[in-house]
Amino acid sequence: MSLKINLRHLDAHEIHLKGELPVAGLDLDSRDEMIRAEKPLRYDLEIEKLHDAILIRGKLELALDCECVRCLKPFQQKLRLEHWALHLPLEGDEKVSVEDDCVDLTPFVREDILLEFPRHPLCKPDCGGLNKISKKTRDEIKSAWAELNKLKL
């Protein structure tokens, strides 16, 4: 599934699109195991046709399931693009591809969403990391390292 607009609908007046786009349609491959997007992208867009271009303004919102890079605790982070805007020329060298009077906005949305992904997700800015683990867990880690240190590679 993709997010497409029909240029014929823009001839008379601007249009307002509001809905959800499944993550599978966005093909978000962040290649980061600490960040996963499983819930649909929510969008609220106003689209108008200018003389030789399309102007899209609105809001994009996506919930990310993350793991903290310091303490490995799972948490959810909302990715919001409150004042997202996109200008697509219909003429010239940089004109947007039009197929059957439709323009696919999905690649532009995907690119801007991926640019907003957190680089190092933290559950909270002052996360102390794994320092606050229990004595039992610390002993298990030490014993696992002791076993590994016995191996000669």
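Scroll up to find the structure.
From a predicted model like this one, the values you see are computed outputs, not experimental measurements.

Let's talk about the overall build of the protein
Looking only at helices and strands, the protein has four helices and seven strands in total. In the protein, the succession of helices and strands from N to C terminus is β-α-β-α-β-β-β-β-β-α-α. The C-alpha radius of gyration computed for the protein amounts to 22 Å, which surpasses the reference 15 Å derived for 153 residues by more than 25%, pointing to a less compact arrangement than a globule. Dimensions of the protein, computed from the C-alpha atoms along their principal axes, are close to 75 × 35 × 25 Å.

Regarding the nonpolar core
Judged by nonpolar contacts, the single largest core of 38 residues is most densely connected at I54, L62, L105 and I113. Mapped by element, the contributors of at least two residues to this core are α1 (7-10), β2 (15-21), α2 (23-26), β4 (41-49), β5 (53-67), β6 (74-89) and α3 (106-116). Look past the residues within four positions of L62 in its chain and what remains in contact with it is V23, L28, A37, K39, P40, L41, Q77, K78, L79, I113 and F117.

Overview of the pairing of β4
Bridging between β2 and β4 involves seven bridges; their strand directions are antiparallel. The residue bridging L17 from the neighbouring strand is L45, located in β4. The pairing of β4 with β5 spans eight bridges and is classified as antiparallel. Paired with E46 across the two strands is R57, which belongs to β5.

Describing the pattern of salt bridges
As enumerated under the stated definition, the model contains six salt bridges in all. Linking E38 and R36 is a salt bridge whose minimum nitrogen-to-oxygen distance equals 4.0 Å. The exposure class of E38 is exposed, given its relative accessible area of 55%. By relative accessible area, which is 31% here, R36 ends up partly exposed. One salt-bridge network, in which partners are shared between bridges, spans R36, E38 and E67.

Side note on the environment of C71
Here C71 lies in the loop between β5 and β6. A residue is classified by how much of its surface remains accessible, and C71, at 18% relative accessible area, is buried.

Details of the side chain of E61
Structurally, E61 is set in strand β5. Polar contacts involving the side chain of E61 include one to the side chain of R80, which spans 3.3 Å. Setting aside residues up to four positions removed in sequence, E61 forms contacts with P40, L41, R42, K78, L79 and R80.

Describing unusual backbone geometry
Phi is positive for L72, which is not a glycine, with a value near 65°. One non-glycine residue, D100, lies in positive phi territory at about 55°. Structurally, the position occupied by D100 is in the loop between β6 and β7 (102-104).

Procedures and definitions
- Residues numbered from 1 in each chain as written.
- Predicted model: local features only at pLDDT ≥ 70, side-chain atom pairs only at ≥ 80, totals over all residues.
- Heavy atoms only, no water.
- Helix = DSSP H or I, 4+ residues; strand = E, 2+ residues; numbered from the N terminus.
- Rg over C-alpha atoms; globule rule 2.2 N^0.38 Å.
- Core = buried A, V, L, I, M, F, W, Y, C linked by side-chain atoms within 4.5 Å.
- Buried < 20%, exposed > 50% of the residue type's maximum accessible area, 1.4 Å probe, protein only.
- Contact = heavy atoms within 4.5 Å.
- Pairing = 2+ DSSP bridges.
- Salt bridge = Lys/Arg side-chain N within 4 Å of Asp/Glu carboxyl O.
- Polar contact = N/O pair within 3.5 Å; in protein donor to acceptor, adjacent residues only side chain to side chain.

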